[in-house]
Amino acid sequence: MDLCINTILERLDSSVEATVDRVIGFSADGGVVILIGTRGEVMPRNFTRAEIEDQLAAGQLRVMKSDPHADLSRREDEIPESHRIRRDRAWSLIQPIIELPDGGAFSPKQRGPVINRICRETGTSKWIIYMHLRRYWQGGLRRNALLPKFKNCGGPGKNRRWTEAKRGRRRKLTKLNGAPPGVNVTEEMRGLFRLGIKAFYENEELKLTLREAYQRTLERYMNRGYELVNDIYSPITPLASEVPTFEQFHYWHLKDGDTDQAIRIREGKRRYDLRHRALGGDASLIAFGPGSVFQIDSTIADIYLVSVMGRTRIIGRPTLYLMVDVFTRMIVGFCAVIENASYGSAALALENAAQDKVEFCAKFGIKISEFEWPSAHFSELLVADRAEMLGKNSNHLIDAFGFRIANTPPHRADLKPFIERLFHSINQELIHSLPGAVRKKRERGDRDYRLDASLTLNEFRKAVIYFILHHNRSRVEGYRPRDFMVADEIEPRPVLLWQWGIQNRSGHLLKHDPEFVRQNLLPGEQATVTERGIRFRNLYYTCSRAVAEHWFATARQKGSWRIDIAYDPRQTAIIYLRLPNLTAPEQCQLMGASSQYSECSWEDVEDFFSGLNEMKDRSRTPDMQEQSLYHAQIDDLRHNARARTAAARDGQSRAAKIRGIRANRQVERELDRRGTAVENSVATAGKPLPPTENHSGAEADGYVGLPTDFETLEQQRDELCKS
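Per chain, the residues get numbers from 1 upward, laid out in the order the sequence is written. At least 70 in pLDDT is required for a residue's local features to be given in this predicted model, at least 80 for side-chain atom pairs to be given and counted, and no such filter applies to totals for whole chains, interfaces and linings, which use all residues. Here the side-chain values reflect all heavy atoms present in the structure, with hydrogen atoms and water set aside.

A. Structural detail: the overall build of the protein. Secondary structure elements follow DSSP: runs of H or I of four or more residues count as helices, runs of E of two or more count as strands, with numbering from the N terminus. Counting its secondary structure elements, the protein contains 25 helices and 20 strands. Relative accessibility under 20% of the residue-type maximum defines a buried residue, over 50% an exposed one, and the middle range a partly exposed one, all with a 1.4 Å probe and only protein chains included. In the protein, which comprises 723 residues, the share counted as buried stands at 40%. Sequence separation of 24 or more characterises 60% of the internal contacts of the protein that already satisfy a separation of 6 or more. Approximately 42900 Å² of the protein is accessible, and the part contributed by carbon and sulfur atoms is 50%. The contact rule is simple, with two residues in contact once any of their heavy atoms fall within 4.5 Å. Here the Shrake-Rupley method, with its probe set to 1.4 Å, supplies the accessible areas, and only the displayed protein chains count as covering residues.

Structure, rendered in structure tokens:
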């Protein structure tokens, strides 16, 4: 075979260690091959070409395909400057030798005088020059073979031999004032370190820091004895210069200990799986196309809202549900309510996922095309987190809509990474830019962010829609590349991935009639049929069935009764009857008296009536005082009237008291018409009652006595008529 420069030859014999040589030159006629061993302090050796070829043919030598020094071929800009300086300095020493004519570098007679001259001129020892020559030849006749090999220094991974002298860098205090240099870590100390780590650091109950575990290790395993202090055995710690430092303790913990196992023990399996395990998988691989897998989750949005009934009333933070398609990362549905997380709220997000998004956005005054938000479906698999979708409610969804539900283990948010990432994005890109946002934990003296609350619930929903539309059009960073993306020139944008998936990987989306979805998802409660209408949460509704069957008149005559209804937690304008004989829910609209609440949410209505009750409660004290004053006035009037009447009737019989009522009524009417009664009553206020014996007519002070017979009454009437 043809031999050439840098051919690697391995000798095949019974020796334990392999002998590997490199071809570094030939004689002028090519009959001599110059070899050098690739390891050790060796120099070039000469062999005839025929000898080499015979050994190759006999199988005593073989040509190796790999070069053990191939890693020396690095780009110039990748080599540190300090390494290049060392390389160039070494090359300048051996360059005169390498450039000797006719292979003079391989002849001891020719290179000897040159080496002596270089030593005289540079002051460099022969050993250094020969070392550089060997490295140059063994490294493949490349200048980069002269680069320093610092990575081979220090014996990485090997333990140092124990001696009396202190290993490592000297302490500053030792250099300055002769402080004790410290101690070396012996095998015995390493054993004590492992005991301390196991007892104090790898302890799930104590959960001490590594520095605290170091202190406890000194107290427990390296103490000089114990002393009684207040009847308590206290360990006597040795001098600081006689024990290893924390840095040594830390070093040997990393070297001898299993840090991964320590984290498992200290944090527990749940936290380890969530925060510390290796991330070698790809959660998106379970989704083959759009609709393969949806993920759903909720969070309390970091923003305070105000009531639509009055922006001066702060209603707290809303609960936000999001649903995302795993294959495309498209947000396919959402729900924002003031209620806590529940199945009813999750059902609204599911209903929104199945809604036509063009019609849905139009309700908020947002015009979009179907391309901007094309999802109006359910998926084959819905991944939730053992909360709202666990139990009989999930069984109902499976039976009604035909998709599967998978619940993640407790406290494993990492199994729904895409929905969790979306919550982070919506906080950073939207919510934290809105008034009333909770940006950080409020400290003493900071402005109360609740005072900045300005958005109503519907305004917040509108802002979330804008974010969803922006997200669905934006590039998804971190999307794992797929083979089709380059072939079909598809960018990782949700709307583009959805469109491609519908055309190439369809068949996973489930479509249902919107009314069927609404019927099976809306939460149900009971309302009361009253004479005023169908009452539900203080609002009154009516429907054609109630009017035709005279429900309200019947309720007034026979009393109210309860009926089953379904309602939309996001709006109050409509509720739905759920009667046994109905094949589909029947709509009920707000009556005129409650129509002012048609644009409100249930949270706003509840807040409004809660405010009324609060106002009523605040007015209880003045109302009680007003009632007290009223009762006192009536009691005083009643007492005085009884006293005067009793004095006037003194001595009269029962028959006399009730005689002449009609005539008295006539006289009183005439007096009242002329204002006499009022004037007399005002004039006589506070005066003593007149004597009861005089019944002839008016007294000097204007008091009209009580007539005792019809003759006197007629006489008074005639006088009044004449006048």
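B. Geometry of a negative patch on the surface. Exposure above 30% relative accessible area and the absence of a salt bridge qualify a residue for a patch, where like charges join within 9 Å and nonpolar side chains (Val, Leu, Ile, Met, Phe, Trp, Tyr) within 5 Å. By salt bridge we mean one thing: a side-chain nitrogen of Lys or Arg within 4 Å of a carboxyl oxygen of Asp or Glu. Only four residue types enter the tally: Lys and Arg on the positive side, Asp and Glu on the negative side; His and the chain ends are excluded. Every charge is mapped to an atom, namely NZ of Lys, CZ of Arg, CG of Asp or CD of Glu. Taken together, the side chains of Asp2, Glu51, Glu53 and Asp54 define an acidic patch exposed on the protein surface. For aspartate 2, the position within the fold is in the segment before strand S1 (8–11). We classify aspartate 2 as exposed; its relative accessible area is 72%.

C. Region of the structure containing unusual backbone geometry. Its identity is not glycine, yet arginine 329 carries a phi of approximately 65 degrees, on the positive side. Following the sequence through the fold, arginine 329 ends up in the loop between strand S11 (319–325) and strand S12 (331–337). Residue classification places arginine 329 among the buried positions, given a relative accessible area of 7%.

D. Geometry of the packing of helix H6 (residues 187–201) against helix H8 (residues 246–256). Inter-axis angles, ranging from 0 to 180 degrees, are taken between N-to-C directions of lines fitted to C-alpha atoms, where helices are fitted over the stretch in contact. With their axes 10 Å apart at the nearest point, H6 and H8 run at an angle of 85 degrees to one another. In this view, H6 runs roughly perpendicular relative to H8, as classed from their interaxial angle. Taking contact as the criterion, the partners of Arg190, Phe193, Arg194, Ile197 and Tyr201 in H6 are, on H8, Gln248, Phe249, Trp252, His253 and Asp256. Classes in brief: Ala, Val, Leu, Ile, Met, Phe, Trp, Tyr, Cys and Pro nonpolar; Asp, Glu, Lys and Arg charged; the others, Gly included, polar. Residue composition of the contact of H6 with H8, by class: five nonpolar, two polar and three charged. Oblique is the label for any angle not covered by the other classes, which are roughly parallel (under 35 degrees), roughly antiparallel (over 145) and roughly perpendicular (65 to 115).

E. View of a nonpolar patch on the surface. Taken together, the side chains of Tyr226, Leu228 and Tyr233 define a hydrophobic patch exposed on the protein surface, amounting to about 390 Å² of accessible area. Residue position: tyrosine 226 is located in strand S6 (residues 226–229). Accessibility expressed as a relative area gives 47% for tyrosine 226, which makes it partly exposed.

F. Layout of the sheet that holds strand S17 (residues 539–542). Spatially, the six strands close up into a barrel ordered S15-S16-S17-S20-S19-S18, and their pairing is antiparallel. In this sheet, adjacent strand axes meet at a mean angle of 45 degrees when their direction is disregarded. In short, DSSP must find at least two bridges between two strands for them to pair. Relative to S17, strand S16 (residues 533–536) runs antiparallel, the two sharing three bridges. The residue of S17 that forms the bridge with arginine 535 is tyrosine 540. Sitting on the sheet, helix H19 (residues 551–558) is in contact with strand S15 (524–530), S16, S17, strand S18 (561–567) and strand S19 (574–577), with an inclination near 70 degrees to S15.

G. Expanded view of the packing of aromatic side chains. Each Phe, Tyr or Trp ring (for Trp, its six-membered ring) is paired with any other whose centre lies within 6.5 Å, and the angle between the two planes then decides the class: stacked below 30 degrees, edge-to-face above 60, tilted in between. Summed over all chains, the structure comprises 13 aromatic pairs. With a centroid separation of 6.0 Å and an interplanar angle of 75 degrees, the aromatic rings of phenylalanine 334 and phenylalanine 360 are classed as edge-to-face. One end of the pair, phenylalanine 334, is in strand S12; the other, phenylalanine 360, is in helix H11 (residues 357–362), with 26 residues separating them in the sequence. Residue phenylalanine 334 shares its accessibility class with phenylalanine 360, and that shared class is buried.

H. Local environment of the packing of H6 against helix H7 (residues 210–221). Look at H6 against H7: their axes get within 9 Å of each other, and the N-to-C directions meet at 120 degrees. Taken together, H6 and H7 sit at an angle that is classed as oblique. Handedness of the crossing formed by H6 with H7: right-handed. Residues Leu192, Leu195, Gly196, Ile197, Ala199, Phe200 and Tyr201 of H6 form the contact with H7, whose own contacting residues are Leu210, Ala213, Arg216, Thr217, Arg220 and Tyr221. Each crossing gets its handedness from the near helix: less than a right angle anticlockwise from the far helix is left-handed, clockwise is right-handed.

I. Main features of the pattern of salt bridges. This model, assessed by the stated rule, comprises 27 salt bridges. For aspartate 256, the salt bridge identified is with arginine 194, shortest N-O distance 3.4 Å. Residue aspartate 256 is located in helix H8, and its partner arginine 194 is located in helix H6; the two are separated by 62 residues in the primary sequence. The partly exposed category is assigned to aspartate 256, whose relative accessible area is 27%. Its relative accessible area of 42% is what places arginine 194 among the partly exposed residues. Linking glutamate 491 and arginine 493 is a salt bridge whose minimum nitrogen-to-oxygen distance equals 3.3 Å. On the basis of relative accessible area, glutamate 491 is assigned to the partly exposed category, the value being 34%. Of the residues examined, arginine 493 reaches a relative accessible area of 25% and is grouped as partly exposed.

J. The sheet that holds S11, seen in detail. The mixed open sheet is built from five strands, whose spatial order is S12-S11-S8-S13-S14. Of all strands in the sheet, those with a lone pairing partner are S12 and strand S14 (404–407), marking the two edges. For this sheet, the mean angle separating the axes of adjacent strands, direction not counted, is 20 degrees. Pairing analysis gives three bridges linking strand S8 (residues 293–300) to strand S13 (residues 381–384), with the strands arranged parallel. Note on S13: the bridge partner recorded for phenylalanine 294 is leucine 382.

K. Quick peek at helix H23 (residues 661–673). Between its first and last C-alpha, H23 extends 18 Å over 13 residues, near the 18 Å set by a 1.5 Å rise per residue. Residues of H23 that are buried: Ala663, Val667 and Leu671. In an axial view of H23, the angular spread of the buried residues amounts to 75 degrees, which keeps them on one side of the axis. Exposed residues lying more than 90 degrees from the buried face of H23 are Ile661, Arg662, Arg665 and Arg673. Positioned one or two residues after H23, glycine 675 has a phi angle of 80 degrees, which is positive. One less than the number of residues in a helix, times 1.5 Å, gives the span that helix is expected to have. Note: the arc covers the axis-to-C-beta directions of the helix.

These values are about where atoms sit, not about what they do.
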